[in-house]
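Commentary on secondary and tertiary structure
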Amino acid sequence: MSGSRVVVVGAGVGGLAVAARLAAGGHEVVVHERAEVVGGKLGRYERDGFVFDTGPSLLTLPQVFADLELGLNPVALDPVVRHVFADGTVLDSASDPAVFRERIAAAMGAGAAADWDRLWRRARRIWTASWRSVLRRPVSPASLAALSWRLADLRAVAPGRSLRALGYRHLRDPRLRMLLDRYATYAGADPRRAPAALAAIPYAELAFGGWYLPGGLHTLADALLARCRALGVTVVPSSPVTAIRTVHGRVSGVDLADGGVAPADIVVANADALSVYRDLLPDPGRLAGLADRSLAGFVLLLGVRGRTPALAHHTVFFPSYYDAEFDAVFGDPGAGRPARPASNPAVFVTRANDPATHPDGDEAWFVLVNAPPHGTGWAAVDWRRPGLAQAYAEHVLMVLARRGLDVRDRLRFMQVRTPADLAAATGTPGGAIYGTAGSLLRPRNRGPVEGLYLVGGSAHPGGGLPMVALSARIVADLVGPDPT
Ligand SMILES: Cc1cc2nc3c(=O)[nH]c(=O)nc-3n(C[C@H](O)[C@H](O)[C@H](O)COP(=O)(O)OP(=O)(O)OC[C@H]3O[C@@H](n4cnc5c(N)ncnc54)[C@H](O)[C@@H]3O)c2cc1C
């Protein structure tokens, strides 16, 4: 089905990317964004000459953005990530498998390097199957039959295993298993429950590289906005959509918070799938399988005096016992343990060597730890509880100090962003970064009423910038060009 008037709900990466594609296909496209700025989770914060990315800091698979003609100049990172383990071992990952192998051998011994090689071959098969069957195609009843054999194909390379089990099967060194486990959290999931198919994530990151955009990753949102405007898309900020209108099972437009109505033949929702089904559609609650909300992130933005040679662009500081973090942030109702902030989490620090992002001689740090989403109930934490955010921020700095990097006497300022703040800024329920956690089958791109489509990280094929860009491509293909 195609039509000429398209309304896109939300100007995140998914919304802007699909708007550009549909406008290029001849549709008349208007994007309504509830916030004052575009970009959604791909946010920016500026203060006293420091410029921070508040969301994504690592760009993978930049090639999926290539045909949008954004004029990006991504810079390859080496190391992609520096891993600092509790015993003091430092391992720098590399996008050249031979180099990474040498680094593993030097840090952990030849046996560990050979183990990684075996895992790597398995991960490549998983990646190839996912790319072919899942990542570039819609999931729909019509495609399910075809998909089922392809999922069987996936099972052949990772038969019913968790990512954790895959690690145990291939990797004898517990530090390498920790490194692998961490990729489950890239999909918002617990490695003990996430499918082994998520080994496709480290494969994509290391085989195709980790990238930075000069000026910060948020410049991707600027580039998408400029591209949309050049293609004639109208982008309306500060314009929340309050409902999606339907007539006889077909979309007819959207209601706006200012009381207006925007008529549409096609509505593409970039808002989180949960709010689309629960809040925007007239008949809520039709979306099954949203119970496993992904984890959220607790973020510190630090203006730091002086330079820190020990840091790479991305550095992760691991705890000695990683499972305590998963027990904390996911909670366990069976054991009567509600979710809580982890007391000894892995700490991820991003510090770009980019003069555009900090005053001379200083550094802008983005510090991220995994955290339960905001809310009530056993799987969430009330991040608005007075004093909690500040106390946990100080705790995270103390954890970092215990791991050998004490930044506390070098702070010019600290900005704290809790999952509650992300929820307020982007409308994402609970501030859950990736919508539904770690599943291959997410909410479909075709919505439950004719003419409604879902794009973005909470829908198929999933979260993260490249997946979101792929979802925009899938939706644009489903809609097709305007025939008029
Ligand atoms: C802390 C953090 C770190 C991350 N790190 C990485 C990383 O290193 N690499 C990576 O690839 N990914 C990373 N991600 C994930 C990545 O940011 C997201 O997957 C991606 O940006 C999601 O884009 P989206 O378009 O799906 O949704 P969003 O960015 O959530 O955009 C949705 C937009 O819709 C708007 N909206 C919602 N409801 C309405 C409404 N009713 N009316 C109008 N507008 C509405 C919102 O305001 C928002 O602008 C990170 C995310 C976070 C939060």
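Residues numbered from 1 in each chain as written. Predicted model: local features only at pLDDT ≥ 70, side-chain atom pairs only at ≥ 80, totals over all residues. Heavy atoms only, no water.

**So, the overall build of the protein chain**
In plain terms, the rule: Per the convention used, a helix needs a DSSP run of H or I reaching at least four residues, while a strand needs a run of E reaching at least two, with both numbered from the N terminus. The globule rule used here is 2.2 Å times the number of residues to the 0.38 power, and the radius of gyration it is set against is calculated over C-alpha atoms. Summary of the burial criterion: residues with accessible area below 20% of their type's maximum are buried, those above 50% are exposed, and those between are partly exposed, where the area comes from a 1.4 Å probe applied to protein chains only. We call two residues contacting when some pair of their heavy atoms lies within 4.5 Å. Only the protein chains shown count as cover for residues, and the accessible areas themselves come from Shrake-Rupley with a 1.4 Å probe. In this count, Lys and Arg are taken as positive residues and Asp and Glu as negative ones, while His and the chain termini are left out. Note that the charge is assigned to NZ on lysines, CZ on arginines, CG on aspartates and CD on glutamates.
Of regular secondary structure, the protein chain possesses 13 helices and 20 strands. For a compact globule of 484 residues, the expected C-alpha radius of gyration is about 23 Å, and the protein chain comes in at 22 Å, within 12% of that figure. Summarising its shape, the C-alpha atoms of the protein chain cover approximately 65 × 55 × 50 Å along the three principal directions. A buried classification covers 58% of the 484 residues belonging to the protein chain. If you take every contact in the protein chain between residues at least 6 apart in sequence, the share linking residues at least 24 apart comes to 72%. Surface exposure of the protein chain reaches about 18,600 Å², of which carbon and sulfur atoms provide 53%. Seen as two clouds, the 52 positive and the 44 negative side-chain charges of the protein chain have centres 6 Å apart.

**A short note on helix H8 (residues 219-230)**
Applied cut-off: An expected span of 1.5 Å times one less than the residue number is assigned to each helix.
A rise of 1.5 Å per residue sets the reference length of H8, with its twelve residues, at 16 Å; its end C-alpha atoms lie 16 Å apart and thus fit the reference within 8%. Here H8 has its buried residues at Leu220, Ala221, Ala223, Leu224, Leu225 and Cys228. In this fold, the buried residues of H8 make contact with helix H1 (13-24), strand S10 (234-236) and helix H13 (465-479). Count one or two residues on from H8 and you reach Gly232, which has phi positive near 90 degrees.

**With respect to the site of the ligand**
The line we're drawing: Consider each residue's heavy atoms; a residue with any of them within 4 Å of a molecule or strand counts as near. Any N or O atom pair separated by 3.5 Å or less is treated as a polar contact, with the protein-specific requirement of one donor-capable and one acceptor-capable atom, and with residues adjacent in sequence counted only for side-chain atom pairs. Gly is placed with the polar residues, together with every amino acid not listed as nonpolar (Ala, Val, Leu, Ile, Met, Phe, Trp, Tyr, Cys and Pro) or charged (Asp, Glu, Lys and Arg).
Taken together, 33 residues surround the ligand, and among them Gly14, Glu33, Lys41, Gly457 and Leu465 come closest. Here Gly14 contributes a backbone N or O atom positioned 2.8 Å from an oxygen atom of the ligand. Interatomic distance of 2.6 Å between a backbone N/O atom of Gly457 and an oxygen atom of the ligand. The protein chains hide 92% of the 1,000 Å² of surface that the ligand would expose on its own. Where the shell around the ligand is concerned, the elements lending two or more residues are H1, helix H12 (419-426) and H13. By residue number, the principal contributor to the shell around the ligand is H13, which donates three residues. Tallied by class, residues from the shell around the ligand come to 14 nonpolar, 16 polar and three charged.

**Re the nonpolar core**
In summary, soluble globular proteins display a tendency toward joint burial of nonpolar side chains. Inclusion rule: In this text, buried Ala, Val, Leu, Ile, Met, Phe, Trp, Tyr and Cys residues form a nonpolar core when linked through side-chain atoms within 4.5 Å.
Counting residues in hydrophobic clusters, the biggest one holds 133 residues, and the most contacted among them are Phe65, Trp116, Val268, Phe298 and Trp365. Examining the composition of this core, we find that eleven residues originate from one element, H13, more than from any other. Judged by nonpolar contacts, the second largest core, of 20 residues, contains Val241, Val254, Ala269 and Leu281.

**A few points about the packing of helix H6 (residues 174-186) against helix H7 (residues 200-208)**
Stated formally: Lines fitted to C-alpha atoms define the axes here, with helix axes fitted over just the stretch in contact, and angles between the N-to-C directions of these axes take values from 0 to 180 degrees. Just so you know how the angles are binned, under 35 degrees is roughly parallel, over 145 roughly antiparallel, 65 to 115 roughly perpendicular, and the rest oblique.
Direction vectors running N to C along H6 and H7 enclose 100 degrees, while the axes themselves pass 8 Å from each other. The orientation of H6 with respect to H7, classified from their angle, is roughly perpendicular. Residues Leu180, Tyr183 and Tyr186 of H6 pack against Ile201, Pro202 and Glu205 of H7. Residues that form the contact of H6 with H7 fall into these classes: five nonpolar, no polar and one charged.

**A closer look at the pairing of strand S16 (residues 314-317)**
What counts here: Pairing between strands is defined by DSSP: at least two bridges between the two strands are required.
Where burial is concerned, the two faces of S16 agree: the one with His314 and Val316 and the one with Thr315 and Phe317 are both buried. In the sheet, strand S7 (residues 82-84) pairs with S16 via three bridges, with the strands oriented parallel. Its bridge partner lying in S16, His83 is registered against Val316.

**Some details on the sheet that holds strand S13 (residues 261-263)**
Each strand in a sheet pairs with another by means of backbone hydrogen bonds, the pair being arranged parallel or else antiparallel. Reading across the sheet, the three strands line up as S11-S12-S13 and stay open at both edges, with antiparallel pairing between neighbours. The open sheet is flanked by strand S11 (241-247) and S13, the only strands paired with a single partner. Each strand of the sheet is rotated relative to its neighbour by a mean of 30 degrees, with strand direction disregarded. Both strand S12 (residues 250-256) and S13 contribute to a ladder of three bridges, which runs antiparallel. Bridging across to S13, Gly253 finds its partner in Pro263.

**Section: the packing of aromatic side chains**
Selection criterion: Between the rings of Phe, Tyr and Trp (Trp by its six-membered ring), a pair exists once the centres lie within 6.5 Å; its type follows the angle of the planes, with under 30 degrees stacked, over 60 edge-to-face, and the other angles tilted.
Enumeration over the complete set of coordinates arrives at 17 aromatic pairs. Relative to Phe208, the ring of Tyr203 lies with its centre 6.4 Å away and its plane at 85 degrees, an arrangement referred to as edge-to-face. Taking relative accessible area as the criterion, Phe208 reaches 31% and is therefore assigned partly exposed.

**Some thoughts on the environment of Arg172**
Along the polypeptide, Arg172 turns up in the loop between helix H5 (163-170) and H6. Taking the relative accessible area as the measure of exposure, Arg172 reaches 61% and is therefore exposed. As a C-alpha pair, Arg172 and Pro481 span 309 residues in sequence and 52 Å in three-dimensional space. Within polar-contact distance, the side chain of Arg172 engages the side chain of Asp115 at 2.8 Å.

**Comments concerning the packing of H5 against H6**
Convention followed: In this scheme, a crossing is called left-handed if the near helix is turned counterclockwise away from the far one by less than a right angle; it is called right-handed if the turn is clockwise.
Put simply, H5 and H6 touch, their axes get as near as 9 Å, and they point 160 degrees apart. As judged from the angle between their axes, H5 and H6 are roughly antiparallel. Crossing hand, H5 versus H6: right-handed. Packed against H5, whose contacting residues are Leu163, Arg164, Gly167 and Tyr168, the element H6 presents Arg177, Leu180, Asp181 and Ala184 at the interface.

**Some thoughts on unusual backbone geometry**
What is expected of a backbone is that most residues other than glycine have negative phi and most peptide bonds are trans. That bond from Asp78 to Pro79 is cis: its omega, 0 degrees, falls within 30 degrees of zero. With respect to the helices and strands, Pro79 occurs in the loop between strand S6 (75-76) and S7. In this model, His460 is joined to Pro461 through a cis peptide bond whose omega is 0 degrees. Of note in the backbone geometry, Ser238 takes a positive phi value of approximately 50 degrees without being a glycine. By the secondary structure assignment, Ser238 is in the loop between S10 and S11. Even without being glycine, His248 reaches a positive phi, approximately 50 degrees. Turning to its location among the elements, His248 is positioned in the loop between S11 and S12.

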